[in-house]
Amino acid sequence: MKNNSNPAKANSLGHVLFGSLIGTTIEFFDFYIYANAAVLVFPQLFFPGSDPTTSTIESLATFSIAFFARPIGSAVFGHFGDKIGRKATLVAALLTMGISTVCIGLLPTYQSIGIVAPLLLMLCRFGQGLGLGGEWGGAVLLAIENAPPGKRAWYGMFPQLGAPIGLLLSGGTFLLLSDLLTEEQFFDYGWRIPFIASSLLVVVGFYIRLKITETPSFENALETKKQVEIPILTILKSYKWELIFGTFAAVATFVTFYLMTVFSLSWATTDLGFSRRDFLIIQLFSILFFVVGIPVSAVLADKFGRKRILVFISTLIMFFGFTFSFFMESGSIPMITTFVCIGMGLMGLTYGPLGTFLSELFPTEVRYSGASLTFNLAGILGASFAPLIAIWLAKNYGIGYVGLYLSIAALISVLALLMIRKKEEQF
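Residues numbered from 1 in each chain as written. Predicted model: local features only at pLDDT ≥ 70, side-chain atom pairs only at ≥ 80, totals over all residues. Heavy atoms only, no water.

Observations concerning the overall build of the protein chain
When helices and strands are tallied, the protein chain shows 22 helices and 0 strands. Here the protein chain has a C-alpha radius of gyration of 21 Å; the compact-globule value for 427 residues is 22 Å, and the two agree. Taking the principal axes of its C-alpha atoms as reference, the protein chain extends roughly 65 × 45 × 35 Å. Burial statistics for the protein chain: of 427 residues in total, 60% are counted as buried. In the protein chain, once contacts between residues fewer than 6 apart in sequence are set aside, the share between residues at least 24 apart is 86%. In the structure as shown, the protein chain presents an accessible area of about 16,100 Å², 69% of it carried by carbon and sulfur atoms. Positive and negative side-chain charges of the protein chain, numbering 27 and 24 respectively, have mean locations separated by a distance of 11 Å. (Helix = DSSP H or I, 4+ residues; strand = E, 2+ residues; numbered from the N terminus. Rg over C-alpha atoms; globule rule 2.2 N^0.38 Å. Buried < 20%, exposed > 50% of the residue type's maximum accessible area, 1.4 Å probe, protein only. Contact = heavy atoms within 4.5 Å. Areas by Shrake-Rupley, 256 points an atom, 1.4 Å probe, with all protein chains shown as cover. Lys, Arg positive; Asp, Glu negative; His and termini not counted. Charge placed at Lys NZ, Arg CZ, Asp CG, Glu CD.)

Points about the environment of Thr337
Relative to the helices and strands, Thr337 is located in helix H18 (residues 333-351). The sequence separation of Thr337 and Val76 amounts to 261 residues, and the corresponding C-alpha distance is 40 Å. In contact with Thr337, other than residues within four places in its own chain, are Ile282 and Phe285.

Quick look at the environment of Val255
You can see Val255 is positioned in helix H14 (residues 251-270). The class for Val255 is buried, based on a relative accessible area of 1%. Remark: the alpha-carbon pair of Val255 and Gly382, spanning 127 residues in sequence, is separated by 4.9 Å. Residue contacts for Val255: discarding those within four places in its chain leaves Gly382, Tyr405, Leu406 and Ala409.

Looking at a nonpolar patch on the surface
Taken together, the side chains of Trp241, Ile244, Phe248, Phe319, Phe322, Leu381, Trp392, Tyr397, Tyr401, Leu404, Ile408 and Ile412 make up a nonpolar region of the molecular surface, amounting to roughly 1,200 Å² of accessible area. Secondary structure elements with two or more residues in the nonpolar patch: helix H13 (240-249) and helix H22 (399-419). Looking at the nonpolar patch element by element, the count peaks at 4 residues for H22. With respect to the helices, strands and loops of the structure, Phe248 is situated in helix H13. Phe248 sits in the partly exposed class, given a relative accessible area of 34%. (Patch = residues over 30% accessible without salt bridge, like charges linked within 9 Å, V, L, I, M, F, W, Y side chains within 5 Å. Salt bridge = Lys/Arg side-chain N within 4 Å of Asp/Glu carboxyl O.)

Notes on the pattern of salt bridges
Here the idea is simple: oppositely charged side chains can pair when their charged atoms come close. This structure, assessed with the given rule, holds 6 salt bridges. Here Arg306 and Asp302 are joined by a salt bridge, their closest N and O atoms 3.1 Å apart. A salt bridge links Glu360 to Arg306; the nearest nitrogen and oxygen atoms lie 2.7 Å apart. Note that Glu360 is positioned in the loop between helix H19 (354-359) and helix H20 (364-384) and Arg306 in helix H16 (residues 306-320), a separation of 54 residues in sequence. Note on Glu360: relative accessible area 1%, which makes it buried. Taking relative accessible area as the criterion, Arg306 reaches 12% and is therefore assigned buried. Bridged by salt links that share partners, the residues Arg152, Asp302, Arg306 and Glu360 form one connected network.

Considering the nonpolar core
Phe42, Tyr258, Leu259 and Tyr351 are the most contacted members of the largest nonpolar core, which has 134 residues in total. Of the residues forming this core, the biggest block, 16 residues, is contributed by helix H1 (residues 13-40). Setting aside anything within four residues of it in sequence, one finds Tyr258 in contact with Phe31, Tyr32, Phe63, Phe67, Arg70, Phe263, Ala383, Ala386 and Pro387. (Core = buried A, V, L, I, M, F, W, Y, C linked by side-chain atoms within 4.5 Å.)

Concerning the packing of aromatic side chains
The full count for this structure, using the stated rule, is 30 aromatic pairs. Look at Phe186 and Phe187: their rings are 5.6 Å apart centre to centre, the planes differ by 85°, and that puts the pair in the edge-to-face class. Given a relative accessible area of 0%, Phe186 falls into the buried group. Its relative accessible area of 13% is what places Phe187 among the buried residues. For the pair Phe326 and Phe327, a centre-to-centre distance of 5.1 Å together with 80° between the ring planes defines the contact as edge-to-face. An aromatic cluster is present here, built from Tyr32, Phe67, Trp136, Phe254, Phe257, Tyr258, Phe290, Tyr351 and Phe375 joined pairwise through their rings. In this arrangement the basic side chain of Arg125 is found over the ring face of Tyr34, its NZ or CZ atom lying 4.3 Å from the centre. (Phe/Tyr/Trp six-rings, centres within 6.5 Å; stacked < 30°, edge-to-face > 60°. Lys NZ or Arg CZ within 6 Å of the ring centre and 35° of its normal.)

Brief notes about the side chain of Ser264
In this structure, Ser264 sits in helix H14. Classification of Ser264 by relative accessible area gives buried; the value is 1%. Separated by 2.4 Å, the side chain of Ser264 and the backbone oxygen of Met260 make a polar contact. When sequence neighbours within four positions are dropped, the list of residues in contact with Ser264 reads Leu259, Phe279 and Gln283. (Polar contact = N/O pair within 3.5 Å; in protein donor to acceptor, adjacent residues only side chain to side chain.)

Focus: the side chain of Ser314
Take Ser314: it is sitting in helix H16. Ignoring anything within four residues of it in the chain, the contact list for Ser314 reads Thr350, Ala410, Ser413, Val414 and Leu417.

What to know about the packing of H1 against helix H8 (residues 162-180)
Working note: a packed helix pair is described by the angle between its axes plus the distance between those axes. In contact at an axis separation of 7 Å, H1 and H8 are set at 45° when each is read in the N-to-C sense. By the angle between their directions, the pair H1 and H8 is classed as oblique. Taken as a pair, H1 and H8 cross one another with a handedness that is right-handed. The segment H1 lies against H8, with Leu21, Thr24, Thr25, Phe28, Phe29, Tyr32, Ile33, Asn36, Ala37 and Leu40 engaging Gly162, Ala163, Ile165, Gly166, Leu167, Leu169, Ser170, Gly171, Thr173 and Phe174. (Axes fitted to C-alpha atoms, helices over the stretch in contact; angles between N-to-C directions. Parallel < 35°, antiparallel > 145°, perpendicular 65-115°, else oblique. Left-handed = near helix turned anticlockwise from the far one by under 90°.)

Here we look at the state of the cysteines
Enumeration over the complete set of coordinates arrives at 0 disulfides. The cysteine Cys103 is free of any disulfide, with Cys124 supplying the nearest cysteine sulfur at 5.1 Å. Of the residues examined, Cys124 reaches a relative accessible area of 11% and is grouped as buried. (Disulfide = S-S within 2.5 Å.)

Encoded structure:
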């Protein structure tokens, strides 16, 4: 039997961490360029109408499709990840996401083929969600199942860094295109460039993933014949409370992120009078706080425990929700920049240890499926309709109710975390 305490000899430290990071960076880059386009481009090109608000809502509805596809991806890729291995499954998930993204960049618009255009867009968005649903859990396991004792949260934060790096690359790409192209050029062909160019990143990720060997934890499960026939059924039978409470524990993370990114971009450019370029610069600056928060929280989680840190940060998010009106109604660039930076910093602090925490709820033989399902079910509850709900609340009741929405989500996460009586599973 292998010693699970030590990283696999075939995988160097750098290879493991870069392999987990590069995949999530590519996946989240693909995912976020859609988020930017759903606010800035798709309302006009795929959902044209006399009412801009209605077009934006229809566009954001397609954005939510991926979150319903992600649990399906978790179940499908998680099944094979727990049965045949992490490596092959991660490669398949990466290709699913990459092909779907490139296809979006090649789609004809509503003006060319009518209603078929948004239908094809929705199909490609479903493919994106399917791929990301299988990617995240495998990337986290690649890192933490190779981690030495006492460093699991630190290793687990490397794939989490893929989210802010992917966001930085996507926002930076749209900002660059806005500067280099005229408005007409941007809507004619410029928006397609990030989607098609993502194929280059996929090739790099594909090469890296092929060189990685299996994790020692999975190899040990093979040797000791601990694998189960249908992992998802085992989870629903023996680990249903971990699945339920783990899902609600992650809700605040998702709501925070999508209010700070998709909703704030939409609200600032349509209701507050910000230009697309100006607010993209604010968001890109705020990502630095997201990036810093992830390793800081990972260090704290290894020292004080994942659950304790997540409870503390989720409580801070709950209080942060009450500041929405104060910051967003100010109309001041410094105030709104401060607001977005605080929100993204809190997001990083809660996101850093989340992957490790969710993975530790499940044993090796169902860990890929369990961690992925928990994370992506939380995406449905906390992210799929968050921008739509926030826009509706802001339009009908005022921006303060958007903050209340975030505070309620954070309270739910705190209560769910307190309900988890987990014993740490063996690796």
